[in-house]
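Observations on the model geometry
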Amino acid sequence: QVQLVESGGGLVQAGGSLRLSCAASGSIFNPNDMGWFRQAPGKQRELVAVFTRDGTTNYADSVKGRFTISRDNAKNTVSLQMNSLKPADTGVYYCYLRYRFQSYWGQGTQVTVSS
């Protein structure tokens with residue numbers, strides 16, 4: 001059974017920074033995609049950033065140049081460094097992992113950016 005545990009959310013002022021981390025446990029070997037989604041109140045869940053197994057990274061246009069995703073394959077962890085945060089970045093951030101044709105999600109961590 002794969003489990004994802006996130007940490008690092010919180011409250012920050014606009015322009016500040018936060019770092020999210022996610023650790024995957026279970027019988028996992030070299031997962032496919034690892035990344036982050038977010039969901040703002042009243043909106044659909046959207047991709048923020050993904051790090052594929054072959055080393056490719058993709059970002060939502062709204063976070064390019066401000067967020068950086070990193071991945072440690074040996075530890076099955078994925079992190080998201082968020083800089084220059086904006087109130088529009090507020091939402092619940094979910095860790096995501098794709099492994100053997102199945103998708104797994106963390107429980108979510110709240111990020112609130114005040115203006």
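What comes next concerns the included structure. It should be emphasised that the depicted structure is a prediction, and the values quoted were computed from it without experimental measurement.

What counts as what
- Residues numbered from 1 in each chain as written.
- Predicted model: local features only at pLDDT ≥ 70, side-chain atom pairs only at ≥ 80, totals over all residues.
- Heavy atoms only, no water.
- Buried < 20%, exposed > 50% of the residue type's maximum accessible area, 1.4 Å probe, protein only.
- Helix = DSSP H or I, 4+ residues; strand = E, 2+ residues; numbered from the N terminus.
- Pairing = 2+ DSSP bridges.
- Salt bridge = Lys/Arg side-chain N within 4 Å of Asp/Glu carboxyl O.
- Contact = heavy atoms within 4.5 Å.
- Phe/Tyr/Trp six-rings, centres within 6.5 Å; stacked < 30°, edge-to-face > 60°.
- Core = buried A, V, L, I, M, F, W, Y, C linked by side-chain atoms within 4.5 Å.
- Polar contact = N/O pair within 3.5 Å; in protein donor to acceptor, adjacent residues only side chain to side chain.

With 5 of its 6 residues buried, strand β4 (residues 34-39) lies for the most part within the structure. In this structure, β4 lies alongside strand β5 (residues 46-51), joined through 5 bridges in antiparallel fashion. Looking across to β5, one finds that Trp36 is bridged to Ala49. The loop that links β4 with its antiparallel partner β5 comprises 6 residues; one of these, Gly42, has a positive phi angle of about 75°.

Moving on, we get to the pattern of salt bridges. Pairing of side chains with opposite charge becomes possible as their charged atoms draw close. In the structure shown here, the tally under the stated rule is 4 salt bridges. Between Lys64 and Asp61 there is a salt bridge, with its nearest N and O atoms 3.0 Å apart. Looking at Asp61, the relative accessible area reads 64%, which means it is exposed. Residues joined by salt bridges that share partners form a network here, namely Arg38, Glu46, Arg66 and Asp89.

Following the sequence through the fold, Gly16 ends up in the loop between β2 (10-13) and β3 (18-25). Along the chain, Gly16 and Thr56 lie 40 residues apart, while their C-alpha atoms are 27 Å from each other. The residues touching Gly16, leaving out its near neighbours within four places in the chain, are Met82, Asn83, Ser84 and Leu85.

So, on to the packing of aromatic side chains. Summed over all chains, the structure comprises 3 aromatic pairs. Relative to Trp105, the ring of Tyr96 has its centre 5.0 Å away and its plane inclined at 50°; by these criteria the two rings are tilted. For Tyr96, a relative accessible area of 12% gives the class buried. Judged by relative accessible area, which is 36%, Trp105 ranks as partly exposed.

What follows covers the nonpolar core. Ranked by size, the top nonpolar core spans 28 residues in total, and within it Trp36, Leu80, Met82 and Tyr93 carry the most contacts. Every element with two or more residues in this core is listed here: β3, β4, β5, β7 (67-72), β8 (77-82), β9 (91-99) and β11 (109-114). The residues contacting Tyr93, other than those within four sequence positions of it, are Glu6, Leu20, Trp36, Phe37, Arg38, Val48, Phe67, Leu80, Met82, Gly108, Thr109 and Val111.

The next thing to look at is the side chain of Arg66. Tracing the backbone shows Arg66 in the loop between β6 (57-59) and β7. Within polar-contact distance, the side chain of Arg66 engages the backbone oxygen of Ser62 at 2.8 Å. Apart from the residues lying within four places of it in its own chain, the contact partners of Arg66 are Gln81, Met82, Asn83, Ser84, Leu85, Lys86 and Asp89.

This part takes up the environment of Ala14. By the secondary structure assignment, Ala14 is in the loop between β2 and β3. Taking C-alpha positions, Ala14 is 30 Å from Asp33, a pair spaced 19 residues apart along the chain. Here Ala14 is in contact with Leu85, Pro87, Val113, Ser114 and Ser115, once residues within four sequence places are set aside.

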